[in-house]
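Okay, here's what each chain looks like letter by letter:
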Amino acid sequence: MAKRDLNTKEQHYADTRKEAEDIVAEAKVDMHLTKWGINEKHNKYGQYFVIDLQFTFNTPKEIMEVDV
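Residues numbered from 1 in each chain as written. Predicted model: local features only at pLDDT ≥ 70, side-chain atom pairs only at ≥ 80, totals over all residues. Heavy atoms only, no water.

Engineer: Can you tell me about the overall build of the chain, naming the residues and giving the values?
Structural biologist: Of regular secondary structure, the chain possesses two helices and three strands. Secondary structure elements of the chain occur, N-terminal to C-terminal, as β-α-β-β-α. Burial status across the chain gives 21% buried among its 68 residues. For the chain, long-range pairs separated by at least 24 residues make up 55% of all intrachain contacts whose partners lie at least 6 apart in sequence. Surface accessibility of the chain: about 5,500 Å² in total, with carbon and sulfur atoms responsible for 50%. (Helix = DSSP H or I, 4+ residues; strand = E, 2+ residues; numbered from the N terminus. Buried < 20%, exposed > 50% of the residue type's maximum accessible area, 1.4 Å probe, protein only. Contact = heavy atoms within 4.5 Å. Areas by Shrake-Rupley, 256 points an atom, 1.4 Å probe, with all protein chains shown as cover.)

Structural data, given as C-alpha cells:
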C-alpha cells in the first residue's frame, strides 16, 4: 500500500520581503493552505527571509486506504 501525505510542510528562501510576499501570495491560491509565516533572519552575509507553508488535505479515510 502506498502512503500519501495528509499534511505537508514546505520552507522557501527569499532575499527580499517582496519575494517572500510573492511566494505566500502564490501559495494562498491553493485552498489547502492552512498556515503560513515569513521569518526575517540575519547572518554575516545580511538579511534573508524564510517562508513556512503548511498544507492540510482533508481526504476521507476510505480514499487514503485504497491501494495505488
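Engineer: I'd like to hear about the sheet that holds strand S3 (residues 46-56), residue by residue, with values.
Structural biologist: The strand order across the open sheet formed by three strands is S1-S3-S2, and the pairing between neighbours is antiparallel. Each having just a single partner strand, strand S1 (7-14) and strand S2 (33-43) make up the two edges of the open sheet. Geometrically, the sheet is characterised by an average inter-axis angle of 15° between neighbouring strands, direction not taken into account. Strands in contact with helix H1 (residues 17-28) are S1, S2 and S3; relative to S2, the strand with the most contacts, it is inclined by about 165°. (Pairing = 2+ DSSP bridges. Axes fitted to C-alpha atoms, helices over the stretch in contact; angles between N-to-C directions.)

Engineer: Could you give an account of the confidence of the model for the chain, naming the residues involved and the relevant values?
Structural biologist: Caution applies to low-pLDDT regions: their predicted coordinates should not be interpreted in detail. Of all residues in the chain, 78% have pLDDT values of 70 or greater, and the mean over the chain is 85. The secondary-structure element of the chain with the lowest mean pLDDT is helix H2 (residues 61-64), recorded at 63, while H1 shows the highest, at 95. (pLDDT = per-residue confidence, 0-100.)

Engineer: Give me the packing of aromatic side chains: which residues, what numbers.
Structural biologist: Tallying each qualifying case throughout the model produces one aromatic pair. When the ring of Tyr13 is compared with that of Tyr48, the centres are 5.8 Å apart and the planes differ by 35°; the resulting orientation is tilted. In this pair, Tyr13 sits in strand S1 while Tyr48 sits in strand S3, placing the two residues 35 residues apart along the sequence. Since its relative accessible area comes to 22%, Tyr48 is described here as partly exposed. (Phe/Tyr/Trp six-rings, centres within 6.5 Å; stacked < 30°, edge-to-face > 60°.)

Engineer: Requested: an account of the pairing of S3, with residues and values cited.
Structural biologist: Here eight bridges tie S1 to S3, and the two strands are oriented antiparallel to one another. Pairing of Tyr13 across the sheet is with Val50, part of S3. Relative to S3, S2 is paired through ten bridges, and the arrangement is antiparallel. For Glu40, the partnering residue across the bridge sits in S3 and is Phe49. In this antiparallel pair of consecutive strands, S2 and S3, the connection spans two residues.

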